[in-house]
Every structure is written in C-alpha cells, then in structure tokens.
Amino acid sequence: MFNHMDPTIFDSLNARQLTPKQVAESFIPPETFYKLIERNNHIIIGPRGSGKTTLLKMLQLPALANWNHPDANEVTRKIDFVAAFIPTDRAWENQWRLLERISFEHLNDDLEIKKGIFLTHTIHQILDAFYYRSSSEIKEHKNLSKFFVNIDKNTEADISSQIAKFLKLKLEIPSLKELLFSLRERLSEIGQFTHKHVRRTNVVVPESLDYIYLPFIQTISNVISVLNSIDNQKEQKWAFLFDELEIAPKDVRTDLFTLLRSTSDQSLLFKLSMSPFSTDINLKDITSAQERQDFISVNLSYSRKDHAQQFCENFFTQMCKAYGLENIQPNEIFGISEFDRGNDKTFKKSAYSPESIVYERFKSLANKDRSFQKYLENKNVNLEKLDEMSESDRASKIRKVTTIVCLRNYFLGQNQHFSTKRSTKLYTGVKTIFDVTEGNPRLFISLIGPLLKHYHKTRIIVPESMQANALDVAVDRFLSLLNNIPDNGQSSESSVMGLVDTIGEFFQQKLLKEEFLADPPTKFVVDENVSDSIIKTIGDAINAGALIYVHKTDDTPLLDSIVGKTFRVSYLLAPHYKLPTVLYKHVELSKILISNGKNEQIGKIETEKPSRQKVAKKNVQASLFDFNEDE
C-alpha cells in the first residue's frame, strides 16, 4: 500500500512544516504511538528531531483520516478522544523579550499577558479541531464517524455566542469562522500593545485587554462544555497536544505540568512534548505530578542501541516499500558492519580459527601493541588456540573486547603511533549505520533515504565510500548545530561543543591512546563536584541530543536534576571521536574535567591531540539533516 507513495515525502524532515495529512502519508508508527492513543496523560520526552511533533500531529483527526497503514483501522477504532494540536509559536520568543523591556505598574502583568497569548492560541486550536469534526471526511470515515457533529446555522450561532461570552468577545456575526477570526485579531492586538510600550514604565494594562486574566483551565473547560453539548456528547473526551514546551514561557510549562495532577475535569487529557531536561519541574515534590500516577512518560531517546534496532528495522522496511523495494534485507544494501565481521553469527564454523578475521585482528594488534600482548598473557590466551577455548573463556576474554580490538587495530600504527586518519568508513555497514542514527526519525530519513535512492537506481550494494560521505554530512551538520548553542560561561567546557569535545576526547584517550583496557570508560556520572555552569551546559547538550541519558528501564526519562545520573555521548558522534557504539564502564565527570588539557605518554602510545575537524558556526535551519546527493 506504500508502493505509490512519493519518495520525496521523506525529504520533508521537520513535521512542524507539514500538514496533518502530509505527516500521515509517510508515518511509520513506533511502539510509543500505541501508548499515546490510550486515555491517559502523557509527556513525550526527546531531543530535537526525535519525532515528538510527528507523534502529536498523528493524533489529530485529519491525520488519522488520511493514514493508510495496516494498523490504521485498529487505531482509529480504539481512539476515543478528539485532539487539538497546540504548537508553541517561535515568534512568541520575540514577544517575551519585548515584554521584559516593559515596566508594568502591576508586578505580574507581563506574565498575565504571556498566559493570555497562550490561552488565546489554545482556544483557537480547539475550535479549529472542532470545526473539522463537521467535515464530510469525518462523516464518511468507517471508524472516525463517531466524532462527527452535525452543525446547522442555528446551532453554530448558539455555541459561538456562548463561547464568545466566556472569552469576553463581541461577534458581529455569531459563527465559528468569525470566532476564529476574532481570536487571531486578539493576538494581533496584544502584539501591537507590546510594541507600543517597549521601554516605558508604570504601564497599565487597559480594560480592553482584561481578557488576559481569564483562568486557563476553567476557560478551556467552559469551551469544551459548550462544544460537547452538541448531539448530546457530554462525555466526549478531548486531548490537548502541547508541542515544543521548551520554548514556551517557564510559567506556562510549570502550570501545564501542574494540570496533570490537579485537573478535576475528567473530559480533559494532556499530552505534552518536552526536551529531556527541565529545571521547571520538581519530581521529588509530593504535590507535583508524579510518573505513573498522573502521567505516563513516552521516551523517544534510546540509552541502549538494541532498544532502537526494532524501530530502525521497521522504518527501513517501510522506506524500502516507498521506493518499490520489496523483500530486501538491510545487509543487501549496506553490507556487514566492520565491527561484525568475523563474529559467531557471520563465521560460525571458523570464527576463532587461525584463518578467521577475529584471529587476524587479535594477532595484528598483539604485534604492534605491547599493552595488548600483556593483556593476553595475563588472561592466559594463546591466539593459536582460540578455537580450543571454552565458551565461557571466549565470552569473557575474547568476545568482550572484540570491538575495542577492532578500533585499536584500525587506528594504531606499527610504531604504536595513533593515527588521525579519517574514520567514518569504519562506521559503515548496516548494524553500525543504524546505531549511529540513534532511532532518530529525522536523522534516519536523511541518512538512509539518499542511500536507498542510489540502491534503487543501481541495484548494487551501496559503496562504503558513499555511506561514509553521508555519515560525514550528518556529523558535520550536527556539530554545526552544537556550535550554535549559546555558551554558559567563559571556560571551554561552558559551551556545549567544548564540553562534548572534552568528554569525547577523554574517552578516545582511554580507549585508543593509553594502555589496553578490557573495560574502558564510555559513559560518565555527573558527580557533586561539577559546577552549576557545567551542569547547565550538560542540560543543553542533553536537550540537543549530544548526550544521552543512560537510565534503567523503570526510571523516568524526564530529568529535573542530573547529579548522580549517567550519560553517554551520542552515537552520531562516534565517528568524530573514534568511539565504539558499545557501553563499557563509567567515570565521574569531575575526573574527566580535571584531566582535560593533560598530554602524557603512557606506555609508548602517543597521545597527541587529534586533528579535529573545523566546524564553522553557521545558521542551521529546520532542515538540519537534509541531504543533497550532490554534496
């Protein structure tokens, strides 16, 4: 059913720019989507590009009505709420800054204006969602017709008048269109007032703007009550989909989080999308909303790569169908990852024989790395008899270190000098290239899409060089994004890029340049010795997707504090820092920061600074991971 889908739909990578119908055309449901259709409050947590907006937009009736997928019938049958999508307008940020330059006579009037803007915008989106319920598309849909409302002129005039009264609006013509228009005019009116009073003091909010004091939740409840009175749908549930709350005013975020616990109106559901780290919430406060009691968190980041594999495989299958590629395995297009060559699954009969890739790599590294020789001696490993070892010995002494051996053997020269050669080709092949995407839909599309196009044209395996070039583009653009995040202080670690560099290069030092370790550090714990400015920078890095929270399955992925928590560097940056996509032991962050700047020689392996790629600061648009085949 996807065979006739236009593959160029995958070129539109930011769901914010797409209509619900366009989002539905290419939507591939992850497991998390089925949680969101349940009658619960949810917080969707993930960094930029992780699919938060897509998931929320797919809960709208126009998206569900146009979704052509094997699961569409079951989803539209089960869903029992009408969803209103409320995006956070980035243009508001400018208004917030202008409001901060006005001195009001009443202390909190700037906050009341912000809340008034947010409420007006929310009501507009609710009415827009309601208006669609009267469309023929809903009336004729097999499962969604349960949401259809028949609105004649008298009914429309009646509900418009009631809602206008609640909102303190005067309508020339009582209709939904006039109501929507008046709400847009109201937003314009607030904007004009703000611009007029910049840099003025003792400003008083005029009576004409007294609607900014309307209580948020009570006003919404009143509007929903009126809308649900039609066709005796008093029990109809509504879900409010608040997107990108990280750019909403702090007080709005706090209020919305409070509503998850305190709302008494059982017809209202809240589904919020947020970045992973926010200091606006207090998960330890017993009066605050609590995980599993008041809301269910939906995590779009994967602390472990195996958790993202299923999503990547499903996404790959559906993208293949879009390009007319049926019944094809990923390794037929991308080949086997270098890290997987020679493992038991690939070479079952001779995985550890003297002719095997495992043997050749171990032998090669032992000949040029005396610290690895010492490791083999201490473990009583005879490379000529690997195939005679017990299964338990091979697991603990050989398989555990195969990834480390692969990396050290690749980058360590005969004279025990660390090589600064380009490493991206090492990260090609199906398993590793999937790992690098982190299960991030936008990155996956931009990285895999052009390679699928190439395979579709040639029907031959995509060359490693082409895969490496695509990875280079993705890494460079991500680094540019990180470079554009404002600094939090004067030190190099006060910038996201500087901090991530310090961490990535520390891990590289321990993994490749110092003596061989069977369990090198590849993750870190934020300890109490880390300064507040560094913690702020870590939070920015987490929300940008540069650092990933490594949490237990039962832990909430939403962070209000990061002290005592464990993190790793995004696998997208593994080629840049020459790191594995495997987790080993952790180290305290303060120890990484203390060691920064040291240049020592341990053993005889040189530890010169890597030749880091220069990444110019530039404006990174919404299409961060757009890919041009000519690049």
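Scope of this entry: the structure provided in the associated data block. (Residues numbered from 1 in each chain as written. Predicted model: local features only at pLDDT ≥ 70, side-chain atom pairs only at ≥ 80, totals over all residues. Heavy atoms only, no water.)

### Focus: the sheet that holds strand β9 (residues 585-588)
In step 1: Taken in spatial order, the four strands make up an open sheet running β7-β8-β6-β9, and their pairing is mixed. Both edges of this open sheet fall to β7 (547-549) and β9, since each of them pairs with a single strand only. Direction aside, the axes of adjacent strands within the sheet are offset by 40 degrees on average.
In step 2: Of the strand pairs in this sheet, strand β6 (residues 521-525) and strand β8 (residues 566-569) are connected by two bridges, and their pairing is antiparallel. Directly across from Phe524, in β8, lies its bridge partner Phe567. (Pairing = 2+ DSSP bridges. Helix = DSSP H or I, 4+ residues; strand = E, 2+ residues; numbered from the N terminus. Axes fitted to C-alpha atoms, helices over the stretch in contact; angles between N-to-C directions.)

### Quick notes on empty space enclosed by the protein
In step 1: Under the counting rule described, the total for this entry stands at six cavities of 30 Å³ or more.
In step 2: A volume near 190 Å³ is recorded for the largest cavity.
In step 3: Counted as a void, the second largest cavity has a volume near 110 Å³.
In step 4: Along the walls of the second largest cavity sit 14 residues, with Pro276, Asn299, Ser301, Ile548 and Tyr549 positioned nearest its centre.
In step 5: Ranked by residue count, the leading element in the lining of the second largest cavity is β7, at three residues.
In step 6: Looking at side-chain class alone, the lining of the second largest cavity contains nine nonpolar, five polar and no charged residues. (1 Å grid on protein atoms, 1.4 Å probe; cavity = no way out; pocket = protein on both sides within 12 Å on 5 of 7 lines; lining within 4 Å. Points joined across faces, edges and corners; volume = space filled by probe spheres on them. Nonpolar A, V, L, I, M, F, W, Y, C, P; charged D, E, K, R; others polar.)

### Let's talk about the nonpolar core
In step 1: Membership of the largest hydrophobic core comes to 98 residues, with the highest contact counts inside it found for Ile333 and Phe524.
In step 2: The dominant element in this core, judged by the number of residues it contributes, is helix α22 (residues 496-513), at nine residues.
In step 3: Filtering out sequence-adjacent residues up to four positions away, Phe524 remains in contact with Ile503, Phe507, Leu547, Lys565, Thr566, Phe567, His586, Val587, Leu589 and Ile592.
In step 4: Formed by 97 residues, the second largest nonpolar core is a distinct cluster that contains Leu99, Leu119, Val149 and Leu214. (Core = buried A, V, L, I, M, F, W, Y, C linked by side-chain atoms within 4.5 Å. Buried < 20%, exposed > 50% of the residue type's maximum accessible area, 1.4 Å probe, protein only. Contact = heavy atoms within 4.5 Å.)

### Section: the packing of aromatic side chains
In step 1: One pass over the structure, following the stated rule, counts 25 aromatic pairs.
In step 2: When the centroid spacing of 5.1 Å and the interplanar angle of 75 degrees are considered together, the rings of Phe311 and Phe315 count as edge-to-face. With Phe311 and Phe315 both in helix α13 (residues 305-322) and four residues apart, this pair spans about one turn of that helix. Side by side, Phe311 and Phe315 carry an identical accessibility label, which is buried.
In step 3: The interplanar angle of 55 degrees and the centroid separation of 4.8 Å between the aromatic rings of Phe372 and Phe516 together place this pair among those described as tilted. In this pair, Phe372 is assigned in helix α16 (residues 370-378) and Phe516 in the loop between α22 and β6, connecting sequence segments 144 residues apart. Residue Phe372 shares its accessibility class with Phe516, and that shared class is buried. (Phe/Tyr/Trp six-rings, centres within 6.5 Å; stacked < 30°, edge-to-face > 60°.)

### So, a negative patch on the surface
In step 1: A contiguous patch of negative charge on the surface is contributed by Glu355, Glu360, Asp387 and Glu388.
In step 2: By the secondary structure assignment, Asp387 is in the loop between α16 and α17 (391-398).
In step 3: Residue classification places Asp387 among the partly exposed residues on the basis of a relative accessible area of 42%. (Patch = residues over 30% accessible without salt bridge, like charges linked within 9 Å, V, L, I, M, F, W, Y side chains within 5 Å. Areas by Shrake-Rupley, 256 points an atom, 1.4 Å probe, with all protein chains shown as cover. Salt bridge = Lys/Arg side-chain N within 4 Å of Asp/Glu carboxyl O. Lys, Arg positive; Asp, Glu negative; His and termini not counted. Charge placed at Lys NZ, Arg CZ, Asp CG, Glu CD.)

### Structural notes on the pattern of salt bridges
In step 1: Scanning the model with the defined rule gives 16 salt bridges in all.
In step 2: The partner of Glu338 in a salt bridge is Arg341, and the shortest N-O contact between them spans 3.0 Å.
In step 3: When the shortest N-O distance is used, the salt bridge between Lys536 and Asp540 registers 3.2 Å. Separated by four residues within a single helix, Lys536 and Asp540 lie in helix α23 (residues 532-544), roughly one turn from each other.

### With respect to the packing of helix α15 (residues 357-368) against helix α18 (residues 402-411)
In step 1: Between α15 and α18, whose axes approach to 9 Å, the crossing angle comes to 55 degrees. Classified by the angle between their axes, α15 and α18 sit oblique to one another. Regarding α15 and α18, the two cross each other, and that crossing is left-handed. Together, Arg361, Phe362, Ser364, Leu365 and Lys368 of α15 and Thr402, Val405, Cys406, Arg408 and Asn409 of α18 make up the contact between the two elements.
In step 2: By residue class, the composition of the contact of α15 with α18 is four nonpolar, three polar and three charged. (Parallel < 35°, antiparallel > 145°, perpendicular 65-115°, else oblique. Left-handed = near helix turned anticlockwise from the far one by under 90°.)

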